[in-house]
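Analysis of the macromolecular model
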Amino acid sequence: MTMTEEDVRRRTQDVVDDVGTDADEVVFRSALWDAGLAMVQFPEGKGGLGLSPNLQGAVEETIRESGRFFHPLATNTIGIGMGLPTVLTYGSDEHHDKYLKRIFTGEDWWCQMFSEPSHGSDVAGLSSRAVRDGDEWVVNGQKVWTSVAHISRYGMLLVRTDPDQPKHKGLSYFILDMHSPGVEIRPLYQITGEAEFNEVFFNDVRVPHSNLLGDVGDGWRVATTTLMNERVALGGSTAPRGSGTIASLIDLWNERGDSLPAAEKAVMRDRVSQLWIEAEVGRLTTLRARGNATVGNPGPEGSVGKLASAELNQRIWIACMDLLGANGMMHELGYSLSRDRLDSHAAYTLSKSFLRSQANTIEGGTSDIMRNILGERVLGLPGEPRVDKEVAWKDIPT
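Everything numeric in this text was worked out from a predicted model, so none of it was measured.

Criteria and cut-off values
Residues numbered from 1 in each chain as written. Predicted model: local features only at pLDDT ≥ 70, side-chain atom pairs only at ≥ 80, totals over all residues. Heavy atoms only, no water. Helix = DSSP H or I, 4+ residues; strand = E, 2+ residues; numbered from the N terminus. Rg over C-alpha atoms; globule rule 2.2 N^0.38 Å. Buried < 20%, exposed > 50% of the residue type's maximum accessible area, 1.4 Å probe, protein only. Contact = heavy atoms within 4.5 Å. Areas by Shrake-Rupley, 256 points an atom, 1.4 Å probe, with all protein chains shown as cover. Lys, Arg positive; Asp, Glu negative; His and termini not counted. Charge placed at Lys NZ, Arg CZ, Asp CG, Glu CD. Salt bridge = Lys/Arg side-chain N within 4 Å of Asp/Glu carboxyl O. Patch = residues over 30% accessible without salt bridge, like charges linked within 9 Å, V, L, I, M, F, W, Y side chains within 5 Å. Phe/Tyr/Trp six-rings, centres within 6.5 Å; stacked < 30°, edge-to-face > 60°. Lys NZ or Arg CZ within 6 Å of the ring centre and 35° of its normal.

1. Some details on the overall build of the protein
If you tally the helices and strands in the protein, you get 12 helices and eight strands. In summary, the protein has a C-alpha radius of gyration of 22 Å against a globular reference of 21 Å for 398 residues, a match within 12%. Projecting the C-alpha coordinates of the protein onto the three principal axes gives extents of approximately 70 × 50 × 45 Å. The buried share of the protein, taken over its 398 residues, is 52%. Contacts in the protein between residues at least 24 apart in sequence constitute 72% of all its contacts with a sequence separation of at least 6. Approximately 18,500 Å² of the protein is accessible, and the part contributed by carbon and sulfur atoms is 52%. Across the protein, the mean location of the 40 positive side-chain charges is 3 Å away from that of the 55 negative side-chain charges.

2. Quick word on the pattern of salt bridges
Under the criterion given, the structure shown has 30 salt bridges. Residue Arg-9 pairs with Glu-65 through a salt bridge whose shortest N-O separation is 4.0 Å. Pair noted here: Arg-9 is in helix α1 (residues 5–19) and Glu-65 is in helix α3 (residues 56–65), with a separation of 56 residues, a long-range link. Owing to a relative accessible area of 22%, Arg-9 belongs among the partly exposed residues under this scheme. On the basis of relative accessible area, Glu-65 is assigned to the exposed category, the value being 61%. One salt bridge in this structure joins Glu-363 and Arg-356, with 2.8 Å as the shortest N-O distance. Residue Arg-356 is classed as buried on the basis of its relative accessible area of 13%. Connected through shared salt-bridge partners, Glu-5, Arg-9, Glu-61 and Glu-65 make up one network.

3. Things to note about the side chain of His-96
Position of His-96 relative to the elements: it lies in helix α5 (residues 93–105). By relative accessible area, which is 8% here, His-96 ends up buried. Not counting residues within four places of it along the chain, the set of residues in contact with His-96 comprises Lys-46, Val-87, Leu-88 and Gly-91.

4. Quick word on a nonpolar patch on the surface
Judged by side-chain polarity, Val-378, Leu-379 and Leu-381 come together as a nonpolar surface patch covering roughly 280 Å² of accessible area. The topology assignment puts Val-378 in helix α12 (residues 367–378). The exposure class assigned to Val-378 is partly exposed, which follows from its relative accessible area of 35%.

5. Brief notes about the environment of Glu-230
Structurally, Glu-230 can be placed in helix α6 (residues 219–233). Classification of Glu-230 by relative accessible area gives buried; the value is 8%. As a C-alpha pair, Glu-230 and Lys-306 span 76 residues in sequence and 8.7 Å in three-dimensional space. Leaving out residues up to four positions away in the same chain, Glu-230 has contacts with Met-82, Gln-112 and Gly-364.

6. A few points about the packing of aromatic side chains
With the rule as written, the count across this model stands at eight aromatic pairs. Considering the side-chain rings of Trp-145 and Phe-197, the 6.3 Å spacing of their centres and the 85 degrees angle between planes classify their relative orientation as edge-to-face. One end of the pair, Trp-145, is in the loop between β3 (136–143) and β4 (154–160); the other, Phe-197, is in strand β7 (residues 197–208), with 52 residues separating them in the sequence. Put simply, the rings of Tyr-99, Trp-110 and Tyr-154 touch in pairs and so form one group of aromatic residues. Seen from the ring of Phe-28, Arg-68 lies directly overhead, with NZ or CZ sitting 4.1 Å from the centre. Across from the ring centre of Phe-201, 4.2 Å away, lies the NZ or CZ of Arg-186, which sits over that ring.

This is how it looks when you write it as structure tokens:
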């Protein structure tokens, strides 16, 4: 299909006019999906129109100009940012029909289950096992730091299916029904007071072979697709200039800047200006990264945005705390200690955002891992020695 930006905007406006700007989020997103405007680069009939991903911005701008807030990752961030492109790339037509649209509409929340207590950054060394039993696989093991597992309907599960192969070659990737017997979820409470993260235990959990994405033993390749999309999803916003995290700092500066002593005000003004510039550079970099994606799958360059935005977010929230002065040592009125992320997400305060940002340089791959990826896979620098590269996983000392 050949469409211009004007055609895309007109098609989007038709959807907005048809369902209304006040429509329920699921209804609104469902209409976008049916019109091929969910992810325009996706195939026709599967949420897209087979167009350049650069035209997705025209969809989002048209919606916002109509007066409705919209960000593609505002709901079901993990499912849309990571699950959607992974299922599209490796799933069957049956998988597409069952999962894709409900991921985008937010009807089915998804979580990602890679990290384990003994293997975080070294994901390929994980030890959770799946053993074939006819048309099913029996899974035992544990995952940790699993965001929103407690409210997710499905999970992206990476497990070891062949311990006799080197660690990267003995993995397989499944879609897991989080309501399956034997799945136990335990909350992990954070410094914010919330339990956004969880431990997930598998006790003889049976997973249909039909839930396999990719081939048996091909899990690392599938997982890499998920991880690259995760880094772009966490790497920054495609929202309008000056919005997002930096908007909170600008609002606070406008509120308190004039009350600062002259010398302090001059220094803080330069600091705020520099952070605004960095935020805008990051936003534009994210737009380029998503524009270069094919069928929603970016390359290792996505690590640039993730690395930069994680560290920038922390500096922005630190600046907010400094602007608050002594008040920054206290939680604002309205700070919620809800144990349910959904209940408290809308009430994020400056102090809670500051505390939450401390995880930015860990989640989705640490900043050290991002630098390794950029050095080795983007810049072509020599990789670190890997003495276990051809060693069977079961023979690697633990």
